[in-house]
Amino acid sequence: QVQLVESGGGLAQAGGSLRLSCAASGSILSINSMAWYRQAPGKQRELVARITSSGSTNYADSMNGRFTISRGNAKNTVYLQMNSLKPEDTAVYYCATNARTSGLITRDYWGQGTQVTVSS
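Below or above, wherever it landed, is the structure these notes cover. Just so we're clear, the structure is a prediction, and the values are computed from it rather than from any experiment.

1. So, the overall build of the chain
Helix and strand counts for the chain stand at zero helices and eleven strands. When its helices and strands are written in sequence order, the chain yields β-β-β-β-β-β-β-β-β-β-β. Taking 14 Å as the expected radius of gyration for a compact globule of 120 residues, we find that the chain reaches 14 Å, a close match to that expectation. When the backbone C-alpha atoms are referred to their principal axes, the chain occupies close to 45 × 25 × 20 Å. The buried share among the 120 residues of the chain stands at 38%. A sequence separation of at least 24 residues applies to 54% of the contacts in the chain between residues at least 6 apart.

2. Comments concerning the environment of Val92
Looking at the element boundaries, Val92 is found in strand β9 (residues 91-101). Apart from residues lying up to four places away in sequence, Val92 is in contact with Tyr37, Arg38, Gln39, Gly113, Thr114 and Gln115.

3. Focus: the pattern of salt bridges
With the rule as written, the count across this model stands at three salt bridges. Where Arg38 meets Asp89, a salt bridge forms, and the shortest distance between an N and an O atom there is 2.9 Å. Pair noted here: Arg38 is in strand β4 (residues 28-39) and Asp89 is in the loop between β8 (77-82) and β9, with a separation of 51 residues, a long-range link. When its relative accessible area of 8% is taken as the criterion, Arg38 is described as buried. Salt-bridge contacts for Asp89 lead to Arg66; the nearest nitrogen and oxygen are separated by 2.7 Å. Separated by 23 residues along the polypeptide, Asp89 in the loop between β8 and β9 and Arg66 in the loop between β6 (57-59) and β7 (67-71) bring together distant segments of the chain. Arg66 carries the same exposure label as Asp89, and that label is buried.

4. With respect to the packing of aromatic side chains
The tally for this structure, following the rule as stated, stands at one aromatic pair. A cation sits over an aromatic face here: Arg19 above Tyr79, 4.0 Å from the ring centre. The ring of Trp110 has Arg45 lying over it, and the distance from NZ or CZ to the ring centre is 4.7 Å.

5. Observations regarding the sheet that holds strand β1 (residues 2-7)
The antiparallel open sheet is built from four strands, whose spatial order is β1-β3-β8-β7. Strands with a single pairing partner mark the edges of an open sheet, and in this sheet they are β1 and β7. Geometrically, the sheet is characterised by an average inter-axis angle of 15° between neighbouring strands, direction not taken into account. Bridge count between strand β3 (residues 18-26) and β8: six bridges; the pairing is antiparallel. Of the residues in β8, the one forming a bridge with Cys22 is Val78.

Calculation rules
Residues numbered from 1 in each chain as written. Predicted model: local features only at pLDDT ≥ 70, side-chain atom pairs only at ≥ 80, totals over all residues. Heavy atoms only, no water. Helix = DSSP H or I, 4+ residues; strand = E, 2+ residues; numbered from the N terminus. Rg over C-alpha atoms; globule rule 2.2 N^0.38 Å. Buried < 20%, exposed > 50% of the residue type's maximum accessible area, 1.4 Å probe, protein only. Contact = heavy atoms within 4.5 Å. Salt bridge = Lys/Arg side-chain N within 4 Å of Asp/Glu carboxyl O. Phe/Tyr/Trp six-rings, centres within 6.5 Å; stacked < 30°, edge-to-face > 60°. Lys NZ or Arg CZ within 6 Å of the ring centre and 35° of its normal. Pairing = 2+ DSSP bridges. Axes fitted to C-alpha atoms, helices over the stretch in contact; angles between N-to-C directions.

Put into structure tokens, the structure is as follows:
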């Protein structure tokens, strides 16, 4: 199994910044990608950003260059630097990974989520 632990959420003012962190642990053989999703109240969960094992990144258009995803020195960690925050960025942010485990199964795993609230 794979466990994902997120941290760094909280309250920020509009225009401010927050940095989310996520660490994956468990019987991981390899990680294909790590990503951040978010879900605002009454809305569907949406992709924020993804980074592959080779370092390629992609972002949702709505991020408009405000967010940056990166990996830590330990390849099972991922960060999301969020700048110029807006009230509409308020959501629960989830870390996800597509990983292969010791059972030779490749699938998606999800963290519990961390709340980000941006006040105007």
